[in-house]
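Residue-level structure breakdown
Listed here are the chains, written in short residue letters.
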Amino acid sequence: MGIVAKYSIKELEVLTGIRAATLRMWEKRYQIINPLRTQTNIRYYGNEHLKLLLNVNVLNRNGIKISHIAKMSSNEITEKVKDLSFVKTGDDDLFDGLMLSMIDLDETLFHQAFYKAVARLGFEDTINRIIFPFFNRIGIMWQVDSINPAQEHFISNMVRQKLIAAIDNATTKTNEKAKKVLMFLPESELHELGMLFLNYLLKNKGYRTIYLGQAVPLTDLPKILEISDPDMLVTSVSNSMSIGDITTFINKFKVAPITKKIYIASAGIYEAQPELPANFKLFETLKKLAAEF
């Protein structure tokens, strides 16, 4: 993978959901994993340890005793995980499948984990309960420098494909009399999975959506409004802004007539609570914004 991960036992606890005390017990009593050591004799764990523990945890959660798992080879553990019926798969197992698919850039494993989730939870709950919390775990991996951009791009693009396919299927549910929603991310905003999911939710509810994607220049907004004539605008900002930047950002939306509703999801702007015209509404998250519809 071109990257050497170094996890502390506390970081393994976060990534696997296995308590550090349990990991130490498994290590001491069953030799499930053997830590590596730095030149200064500090213990650490690598991606192979993480992958093994994710698989061990799946088996253990599905009723196989750790004493039995300890007698299995790594290949036997992997094969046993593949044999498990998806009916028994819980949220944690699905998390682990996604993590393993990302570490190895394994498209087949991603599809297996995703379809298992959809079969058990449905599409919307899969995104809310599995996919978005999973990306929070990826944030932990960035903090410990144990993920490279290719791995994040891989998993993000796999999820993006699923969202776009779902949006395509939902398109037939809209009607010409439905309200029209203009959706986009402004300049410097590149993470669009949340907005894509909102696009899916709105189409499923019968709204007509115009989705412009990421990094849309706000200087183009007057022309966009002239062409599209939406009933409302929806945008999201994850990057931090100064008070001055927030004011400038809000002012750029004032080119929209007062009859157009403008919804903005941004934790930073929400916290600043700037004065807004009556047609503006702030939300702390896209999830809270979605609840408005």
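Residues numbered from 1 in each chain as written. Predicted model: local features only at pLDDT ≥ 70, side-chain atom pairs only at ≥ 80, totals over all residues. Heavy atoms only, no water.

1. Points about the environment of Gly 213
Locating Gly 213 in the fold gives a position in the loop between strand S4 (208-211) and helix H11 (221-228). The spacing of Gly 213 and Leu 105 is 108 residues in sequence and 25 Å in space, taken between C-alpha atoms. Beyond its immediate sequence surroundings of up to four residues, Gly 213 is in contact with Met 183, Phe 184, Leu 185 and Glu 192. (Helix = DSSP H or I, 4+ residues; strand = E, 2+ residues; numbered from the N terminus. Contact = heavy atoms within 4.5 Å.)

2. Some points on unusual backbone geometry
A positive phi angle is found at Ala 215, which is not glycine, with a value near 55°. Tracing the chain through its elements places Ala 215 in the loop between S4 and H11. Among the residues examined, Ala 215 registers a relative accessible area of 34% and is labelled partly exposed. Here Gln 273, not a glycine, exhibits a phi torsion of approximately 50°, which is positive. Tracing the backbone shows Gln 273 in the loop between helix H13 (267-272) and strand S7 (280-283). (Buried < 20%, exposed > 50% of the residue type's maximum accessible area, 1.4 Å probe, protein only.)

3. Considering the sheet that holds strand S3 (residues 180-184)
Taken in spatial order, the five strands line up as S4-S3-S5-S6-S7 in an open sheet, and their pairing is parallel. This sheet does not close on itself; its edge strands, each paired only once, are S4 and S7. Across the sheet, the mean angle from the axis of one strand to that of its neighbour is 20°, orientation sign disregarded. Bridging between S3 and S4 involves four bridges; their strand directions are parallel. Counterpart to Lys 180 in the pairing with S4 is Arg 208. (Pairing = 2+ DSSP bridges. Axes fitted to C-alpha atoms, helices over the stretch in contact; angles between N-to-C directions.)

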